Amino acid sequence: MAESERRFYRADRVANATVDAWLPDHAVAVANGKIIDVLPASDAADQEIVDLGDVSLLPGLVEGHTHIPCPPRVDAFDIISQEPNEPALMRAAHAVGLALRSGITTMRDLGSKNEVVFAVRDAIASGVIPGPRLLASGAPITRTMDHCWFWGGEADSPESVRAMAQAHVDQGADVLKVMASGGNFTPTSNPRDRQYPPETIREIVEAGKSGGIEVAAHTHAAEGIRAAVEGGVRHLIHCRWLSANPEEGFKYEPDLAQRIADEGIWVNPTIGLGLLAGEARQRGDAAPRRNPNLQGPSPREQGLEIVRDMRERGARFTSGLDMGMAYADFDRAPAEAWAFVEDIGMTPWQALRIMTCDTADAIGVGDQVGRIQSGFDADLAAFTGDPATNIRDLNQPVFVMKQGDIIV
């Protein structure tokens, strides 16, 4: 390592290696894209210091749930269900650039066309376009004309589901995605319906094992949650517990929730999306078209109470705003942290851990990113104010570094 390649990035507040306290007036030594030391600023070589000033320096944010070709608009379904790959590629390239500039240095896409998301992922990795380190599932596996069918992952029988999953593995997917229940976004889908039985989901899990990758399941319906857990899924997306009976609203099963916690299954509740939607309603913004198949009540506060109970049982949460949906633009990932604090009652440090090291661990890159620690990639994001005191200070960063390259 040449001496001239080393730089010390000093800040008034630097997150410690466990992301639960500030190191005051510290500097992060960076060389060749890696963090090589974290030390008091007084011990850093003066001529090599870049003084970031009165900022809070965190690991680069890790976003666990995106759809990069989606325009975050109320009419997104009409656009992406019809357009060819070329405009989708351009939109996805814009999305990952916006995400990177917002402090997201690692992200996981959980539903896009294979031809789009794998191409963008590889273009980022080869330096053709700027973007976060991108992990991608490709097209989610779904029933014919059911949730997000338009991305090309339709499969109905156990044999066709296994074949679709294996094809994704063979194309280099980093994770597999299954629609274990219907979803709000697709008007031909019902979020209260289970899509596959546990035995069929197990086929996807086994295909993933052949490539050393895990499975994430979209789960609005309570029966979809049960099928995913019994099928061996390790990541529950939304996990909303909607009852199949519209008059019942939710069907929360505390015993199953305890199993989720005990088995260490990761949960991405996407509650920041609801927070942004509520703020949009207060502004009088246009709302997405309501899914005609979703009947009965599903009040947000009741859903949040379920998330609180799961937390008390020890469930592990990840970040993931469902970016690309209405109101969830690709620079709004911190809204998930805001909701963890404001709606669930977590401390800001707990939310910051979820946005960094916890989600990095969940998606399988926790030995590379998510911490400011010697040997890790030099992925950093600095924010004005103190997000450990006011979580809303976790917003647009004033400094972003990815693998030693300064982005902002």
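Placed above this text is the structure.
In short, a report on the structure. (Residues numbered from 1 in each chain as written. Predicted model: local features only at pLDDT ≥ 70, side-chain atom pairs only at ≥ 80, totals over all residues. Heavy atoms only, no water.)

### Concerning the overall build of the protein chain
Okay, step 1: Along the backbone of the protein chain there are eleven helices and 16 strands.
Okay, step 2: In terms of principal-axis extent, the alpha carbons of the protein chain reach across some 65 × 40 × 40 Å.
Okay, step 3: When burial is assessed residue by residue, the protein chain has 60% of its 408 residues classed as buried.
Okay, step 4: When contacts within the protein chain are restricted to residue pairs at least 6 apart in sequence, those whose partners lie at least 24 apart make up 72%.
Okay, step 5: A total accessible area of about 15,000 Å² is found for the protein chain, and carbon and sulfur atoms account for 48% of it.
Okay, step 6: Computed over 38 positive and 58 negative side-chain charges, the inter-centroid distance for the protein chain is 3 Å. (Helix = DSSP H or I, 4+ residues; strand = E, 2+ residues; numbered from the N terminus. Buried < 20%, exposed > 50% of the residue type's maximum accessible area, 1.4 Å probe, protein only. Contact = heavy atoms within 4.5 Å. Areas by Shrake-Rupley, 256 points an atom, 1.4 Å probe, with all protein chains shown as cover. Lys, Arg positive; Asp, Glu negative; His and termini not counted. Charge placed at Lys NZ, Arg CZ, Asp CG, Glu CD.)

### Description of the sheet that holds strand β7 (residues 104–109)
Okay, step 1: Reading across the sheet, the three strands line up as β6-β7-β8 and stay open at both edges, with parallel pairing between neighbours. The open sheet has two free edges, formed respectively by β6 (61–66) and β8 (133–136), since each of these has just one partner strand. Averaged over all adjacent pairs, the angle separating strand axes in this sheet is 15 degrees, with direction ignored.
Okay, step 2: Pairing of β7 with β8, which is carried by four bridges, proceeds in the parallel orientation. Across the sheet, residue Met107 finds its bridge partner in β8, namely Leu134.
Okay, step 3: Contacts from helix α3 (residues 114–125) reach β7 and β8 within the one sheet, and its direction differs from that of β8 by about 155 degrees. (Pairing = 2+ DSSP bridges. Axes fitted to C-alpha atoms, helices over the stretch in contact; angles between N-to-C directions.)

### Here we look at empty space enclosed by the protein
Okay, step 1: Under the criterion given, the structure shown has one cavity of 30 Å³ or more.
Okay, step 2: In terms of residue class, the lining of the largest cavity is built from five nonpolar, no polar and two charged. (1 Å grid on protein atoms, 1.4 Å probe; cavity = no way out; pocket = protein on both sides within 12 Å on 5 of 7 lines; lining within 4 Å. Points joined across faces, edges and corners; volume = space filled by probe spheres on them. Nonpolar A, V, L, I, M, F, W, Y, C, P; charged D, E, K, R; others polar.)

### A few points about unusual backbone geometry
Okay, step 1: Not every positive phi belongs to a glycine, and Val19 is a case in point at roughly 50 degrees.
Okay, step 2: With respect to the helices, strands and loops of the structure, Val19 is situated in the loop between β1 (7–15) and β2 (22–31).
Okay, step 3: Not every positive phi belongs to a glycine, and Gln403 is a case in point at roughly 50 degrees.

### Comments concerning the environment of Pro140
Okay, step 1: Secondary-structure assignment places Pro140 in the loop between β8 and α4 (158–170).
Okay, step 2: Apart from the residues within four sequence positions on either side, Pro140 is in contact with Gly111, Ser112, Cys148, Trp151, Gly153, Lys177 and Met179.

### Points about the side chain of Arg192
Okay, step 1: Tracing the backbone shows Arg192 in the loop between β9 (176–179) and α5 (198–210).
Okay, step 2: One buried charged residue, Arg192, remains without a salt bridge, the closest side chain of opposite sign being Glu248 at 7.3 Å.
Okay, step 3: Here Ser243 takes part through its backbone oxygen, which lies 2.9 Å from a polar atom of the side chain of Arg192.
Okay, step 4: Excluding anything up to four places from it in sequence, Arg192 contacts Ala221, Leu242, Ser243, Ala244, Asn245, Pro246, Gly249, Leu294, Gln295, Gly296 and Pro297. (Salt bridge = Lys/Arg side-chain N within 4 Å of Asp/Glu carboxyl O. Polar contact = N/O pair within 3.5 Å; in protein donor to acceptor, adjacent residues only side chain to side chain.)

### A few points about the pairing of strand β3 (residues 34–40)
Okay, step 1: Bridge count between β2 and β3: six bridges; the pairing is antiparallel. Looking across to β3, one finds that Ala29 is bridged to Asp37.

### Re the layout of surface pockets
Okay, step 1: Estimates place the volume of the largest pocket at around 1,300 Å³.
Okay, step 2: Surrounding the largest pocket, 47 residues form its lining, Asn184, His220, Arg240, Leu273 and Ala277 being those nearest its centre.
Okay, step 3: Residue assignment for the lining of the largest pocket shows that the elements contributing at least two residues are α1 (76–80), β9, β10 (215–221), β11 (235–242), α8 (271–283) and α9 (300–312).
Okay, step 4: Here the lining of the largest pocket is built from residues that sort into 23 nonpolar, 14 polar and ten charged.
Okay, step 5: Taken as a whole, the second largest pocket encloses approximately 220 Å³ of empty space.
Okay, step 6: Taken together, Trp266, Arg311, Ala315, Arg316, Phe317, Met346, Gln350, Arg353, Ile354, Asp358 and Asp361 make up the lining of the second largest pocket.
Okay, step 7: Counting only elements with at least two residues in the lining of the second largest pocket, the list comes to β13 (316–317) and α11 (348–362).
Okay, step 8: Grouping the constituent residues of the lining of the second largest pocket by class yields five nonpolar, one polar and five charged.

### Some points on the side chain of Asp343
Okay, step 1: Relative to the helices and strands, Asp343 resides in helix α10 (residues 334–344).
Okay, step 2: The exposure class assigned to Asp343 is buried, which follows from its relative accessible area of 17%.
Okay, step 3: Polar contacts involving the side chain of Asp343 include one to the side chain of Arg300, which spans 3.0 Å.
Okay, step 4: Not counting residues up to four positions away in its chain, the partners in contact with Asp343 are Leu275, Arg300, Leu304, Arg308 and Trp338.

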